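One letter stands for each residue in the lines below.
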Amino acid sequence: MDKPLISRHLVDSDGSLAEAPREVPKVGILGSGDFARSLATRLVGSGFSVVVGSRNPKRTAGLFPSAAHVTLQEEAVGSPEVIFVAMFREHYSTLCGLSDQLAGKILVDVSNPTQQEHLRHHESNAEYLASLFPTCTVVKAFNVISAWTLQAGPRDGNRQVPICSDQPEAKRTVLELAQAMGFTPMDMGSLASAREVEAMPLRLLPGWKVPALLALGLFVFFYTYNFIRDVLQPYLQEGKNKFYQLPVSVVNTTLPCVAYVLLSLVYLPGVVAAALQLHRGTKYRRFPDWLDHWLQHRKQMGLLSFFCAALHALYSFCLPLRRSHRYELVNQAVKQVLTNKSHLWIEKEVWRMEIYLSLGVLALGTLSLLAVTSLPSISNSLNWREFSFVQVCPFLIDL
Ligand SMILES: NC(=O)C1=CN([C@@H]2O[C@H](COP(=O)(O)OP(=O)(O)OC[C@H]3O[C@@H](n4cnc5c(N)ncnc54)[C@H](OP(=O)(O)O)[C@@H]3O)[C@@H](O)[C@H]2O)C=CC1
Ligand SMILES: [Fe+3]
């Protein structure tokens, strides 16, 4: 995305281009790492003029979109009112030489501490930055957004950006900036909340409670149904004792049911959302809360669906290991010898197994390939892997 998507030119009534009356808002970025690059790409794409401050602009300029101006730190902080500090906490103090140029500006702290750093420091990174630059206004924002999401663009699931600052005017400026970039800003109050905001990405498995409970509920429901159908009914009606099937067979029949329902719940909200947009005739209105929550849980439901499908594949490959299966095989072989008929060669079953095996190997191969190719993005986000998992789920469920 080299050029701004939002043109700053206006079209006159006669069709000719006229200059926009407003100046292109300029945003500064200090740092030239992964986050800075993705941020610059998104800002340029959202119509902002971007100036990047680097210790070594010659080396890093080629990594940024051509519309972004990459220069030395001291030159970059001159004109923009809003400056993103895309650096780690331990390097903040190296900026102290720029204090005079930075005076009166809005500094946006995007940093994320590690678990150890979070426990070690009692004040948040944003408050530390504010203490180093008392003449600036520090706003905490964008730390929950990965470099990958910034580059790929916000999705329904992860577009919320918590923002906090002690200065309402500066906070409003950054809120508007986040909105212009396609995110949904969330006002978290004063800078004292920064510690809480910085803890957000550290929370393990956020948003897993509802999908996990849903998967458990579905499992209990389908397990009970399969138990009644495959075990209880034959016992009551024909006196057959099939209770040995409870740990493996019934579980294995239940898993794909759960996987399919979860997978359909991953795709369904997208369809509902599209239908709602068509009905409303616009895509610029908020979805109702229930749909928003549902959309936000798609990643977790997709991964749980994949987990159930993978478990089903594993169980299916282990089925022939059971003693009961060996007994059935021997039983059939004896019958075959006695009746002199080839009962064991059931053409349909043979083909079924061949196709299952080949699909299984294909799915495993694809998964390994995806795992290898997604390694570079692992540090950034789960999104790509979520996409891959959801795509391969139907293959695995069919096993
Ligand atoms: N990567 C991500 O997905 C996310 C990152 N963040 C936060 O963004 C910030 C930057 O992260 P990221 O871009 O991944 O990190 P990188 O290591 O890729 O980039 C850090 C940048 O800091 C600059 N820098 C300035 N002074 C120093 C110094 N003394 N020593 C080393 N580097 C220095 C460097 O730019 P130069 O050499 O040009 O001066 C360097 O490119 C961090 O605080 C991180 O927590 C937040 C959310 C997500
Ligand atoms: Fe199956």
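You'll find the structure just up there.
First things first, this report covers the structure right here in the doc. Here the structure is a predicted model, which is why all the values come from computation and not from measurement. The residue numbering used here restarts from 1 in each chain and proceeds along that chain's sequence as written. As a convention, the first chain written is A and the first ligand written is 1, with the rest following in written order. Two thresholds apply to this predicted model, a pLDDT of at least 70 for residue-level local features and 80 or more for giving and counting side-chain atom pairs, whereas whole-chain, interface and lining totals are computed over all residues.

## Observations concerning helix H14 (residues 323-339)
Helix and strand assignments follow DSSP, with helices taken as H or I runs no shorter than four residues and strands as E runs no shorter than two, numbered in order from the N terminus. To estimate how far a helix should reach, multiply one less than its number of residues by 1.5 Å. Compared with the 24 Å implied by 1.5 Å per residue over 17 residues, the 24 Å span of H14 between its first and last C-alpha is a close match. Neighbour counting defines burial: a residue surrounded by 20 or more other C-beta atoms within 10 Å of its own C-beta is buried, one with 12 or fewer is exposed, and intermediate counts give partly exposed, using backbone-placed C-beta atoms. Burial analysis of H14 places just zero of its 17 residues in the buried class, which makes it a mostly uncovered element. A positive backbone phi angle near 60° is found at asparagine 340, which sits one or two residues after H14.

## Let's talk about the site of ligand 1
We call a residue near a molecule or strand when its C-beta atom, built from the backbone, sits within 6 Å of it. Of all residues adjacent to ligand 1, which total 22 residues, the nearest are Ser32, Gly33, Phe35, Ser54 and Ser111. It is helix H1 (residues 34-45) that provides the largest number of residues to the shell around ligand 1, a total of three residues.

## Considerations on the packing of helix H11 (residues 249-280) against helix H13 (residues 298-318)
The contact between H11 and H13 brings their axes to 8 Å, and the two run at 155°. Relative to H13, the element H11 is oriented roughly antiparallel. For H11 against H13, the interelement crossing comes out left-handed. Note on element contacts: H13 touches H11 through Arg298, Met301, Gly302, Leu304, Ser305, Cys308, Ala309, Leu311, His312, Tyr315 and Ser316, opposite Val251, Asn252, Leu255, Pro256, Val258, Ala259, Leu262, Leu263, Leu265, Val266 and Pro269. Lys, Arg, Asp and Glu make up the charged group, whereas Ala, Val, Leu, Ile, Met, Phe, Trp, Tyr, Cys and Pro make up the nonpolar group; the residues left over, Gly among them, are polar. Looking at side-chain class alone, the contact of H11 with H13 contains 16 nonpolar, five polar and one charged residues. Axis definition: a line fitted to C-alpha atoms, over the contacting stretch in the case of helices. Angles run 0 to 180 degrees between N-to-C directions. Throughout, the term roughly parallel applies to angles under 35 degrees, roughly antiparallel to angles over 145, roughly perpendicular to angles from 65 to 115, and oblique to all others. By definition, any crossing whose near helix is turned counterclockwise from its far helix by less than a right angle is left-handed, and any crossing with a clockwise turn is right-handed. Whether two residues are in contact depends on their C-beta atoms, placed from the backbone: they are in contact if these lie within 7 Å.

## Side note on the sheet that holds strand E6 (residues 82-85)
Pairing in this open sheet of eight strands is mixed, and the strands run E5-E4-E3-E6-E7-E8-E9-E10 from one edge to the other. Single-partner strands in this sheet number two, and they are strand E5 (69-72) and strand E10 (184-187). Strand-to-strand twist across the sheet, computed as the mean angle between neighbouring axes with direction ignored, equals 30°. By the bridge criterion, two bridges tie strand E8 (residues 137-140) to strand E9 (residues 160-165) in an arrangement that is antiparallel. Bridging across to E9, valine 139 finds its partner in serine 165. The strands touched by helix H8 (residues 168-180) within the sheet are E6, strand E7 (106-109), E8, E9 and E10, with E9 carrying the most contacts at an inclination of about 165°. Two strands make a pair as long as DSSP finds a minimum of two bridges between them.

## Quick notes on the nonpolar core
Judged by nonpolar contacts, the single largest core of 56 residues is most densely connected at Val108 and Val174. Element by element, the count of residues in this core is highest for H1, at six residues. Here valine 174 is in contact with Val82, Ile106, Val108, Val139, Ala141 and Ile163, once residues within four sequence places are set aside. Nonpolar cores are built from buried Ala, Val, Leu, Ile, Met, Phe, Trp, Tyr and Cys residues. These are joined into a set through C-beta atoms within 7 Å. Counting 17 residues, the second largest nonpolar core, distinct from the first, contains Ala215, Leu263, Met301 and Ala309.

## Some words on the environment of alanine 194
Secondary-structure assignment places alanine 194 in helix H9 (residues 194-199). With 30 C-beta atoms packed within 10 Å, alanine 194 lands in the buried category. Once the C-alpha coordinates of alanine 194 and serine 124 are considered, the two residues, 70 residues apart in sequence, prove to be 6.0 Å apart. Ignoring any residue separated from it by four or fewer positions in sequence, one finds alanine 194 in contact with Ser124, Ala126, Glu127, Lys140 and Cys164.

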